[in-house]
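Okay, here's what each chain looks like letter by letter:
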Amino acid sequence: ELENGCGCCNAADELLVCILQLMEMAELKGQKFDRIVIEMSGVAEPKNIRREFQEAKAENHPIFDRAQLSTMITVVDSPHFFDLY
């Protein structure tokens with residue numbers, strides 16, 4: 001759980017740190033994740049998440065020694081999407 005706000009806005013760096021900590025805790029127990037699914041709030045901006053991962057990779061963030069962002073899925077409220085956006 002992020003303590004300081006949204007993962008696509010002001011807590012994006014915290015998101016990467018939390019994922020890294022989660023992976024380190026699993027390794028200490030001799031376990032490994034095949035996948036990690038991150039569910040953002042209904043107002044999250046997926047492009048911001050992707051950008052944060054891309055910038056972190058360009059800066060050689062240590063998370064990329066263990067993980068990669070391979071897929072993003074966006075779910076929309078289809079009956080109301082065009083009314084809202």
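Cut-off values and rules
Residues numbered from 1 in each chain as written. Predicted model: local features only at pLDDT ≥ 70, side-chain atom pairs only at ≥ 80, totals over all residues. Heavy atoms only, no water. Helix = DSSP H or I, 4+ residues; strand = E, 2+ residues; numbered from the N terminus. Buried < 20%, exposed > 50% of the residue type's maximum accessible area, 1.4 Å probe, protein only. Contact = heavy atoms within 4.5 Å. Areas by Shrake-Rupley, 256 points an atom, 1.4 Å probe, with all protein chains shown as cover. Core = buried A, V, L, I, M, F, W, Y, C linked by side-chain atoms within 4.5 Å. 1 Å grid on protein atoms, 1.4 Å probe; cavity = no way out; pocket = protein on both sides within 12 Å on 5 of 7 lines; lining within 4 Å. Points joined across faces, edges and corners; volume = space filled by probe spheres on them. Salt bridge = Lys/Arg side-chain N within 4 Å of Asp/Glu carboxyl O.

### Thoughts on the overall build of the protein
Reasoning step 1: Counting its regular elements, the protein contains three helices and zero strands.
Reasoning step 2: Listing every helix and strand of the protein by position from the N terminus yields α-α-α.
Reasoning step 3: Among the 85 residues that make up the protein, the fraction classed as buried is 22%.
Reasoning step 4: The long-range fraction of contacts in the protein, counting pairs at least 24 apart against all pairs at least 6 apart in sequence, stands at 50%.
Reasoning step 5: Summed over its atoms, the accessible surface of the protein is roughly 7,000 Å², and 50% of this surface lies on carbon and sulfur atoms.

### Let's talk about the nonpolar core
Reasoning step 1: Grouped together as the largest cluster of nonpolar side chains are nine residues: Leu-15, Leu-16, Ile-19, Leu-20, Met-23, Ile-49, Phe-53, Ala-56 and Ile-63.
Reasoning step 2: Elements supplying a minimum of two residues to this core: helix 1 (12–28) and helix 2 (46–58).
Reasoning step 3: No other element matches the five residues that helix 1 contributes to this core.

### Description of the layout of surface pockets
Reasoning step 1: Of the voids in this model, the largest pocket is the one considered here, and its volume is about 1,400 Å³.
Reasoning step 2: Around the largest pocket sit 40 residues that line it, and Ile-38, Glu-39, Thr-71, Met-72 and Ile-73 are the ones nearest its centre.
Reasoning step 3: A per-element tally of the lining of the largest pocket places helix 1 first, with five residues.

### Some remarks on the pattern of salt bridges
Reasoning step 1: Taken as a whole, this structure holds four salt bridges when the rule is applied.
Reasoning step 2: Between Arg-66 and Glu-27 there is a salt bridge, with the nearest N and O atoms lying 2.8 Å from each other. With Arg-66 in the loop between helix 2 and helix 3 (81–84) and Glu-27 in helix 1, this residue pair connects regions lying 39 residues apart in the sequence.
Reasoning step 3: The residue Glu-55 makes a salt bridge to Arg-51 at a minimum N-O spacing of 3.5 Å. Placement of both Glu-55 and Arg-51 in helix 2 is noted, with a separation of four residues, approximately one turn of the helix.
Reasoning step 4: One connected set of salt bridges, linked through shared partners, spans Glu-24, Glu-27 and Arg-66.

### Observations regarding the environment of Ile-49
Reasoning step 1: One can find Ile-49 in helix 2.
Reasoning step 2: Remark: the alpha-carbon pair of Ile-49 and Met-72, spanning 23 residues in sequence, is separated by 9.3 Å.

Interpretation note: all reported values are geometric properties and have no functional meaning in isolation.
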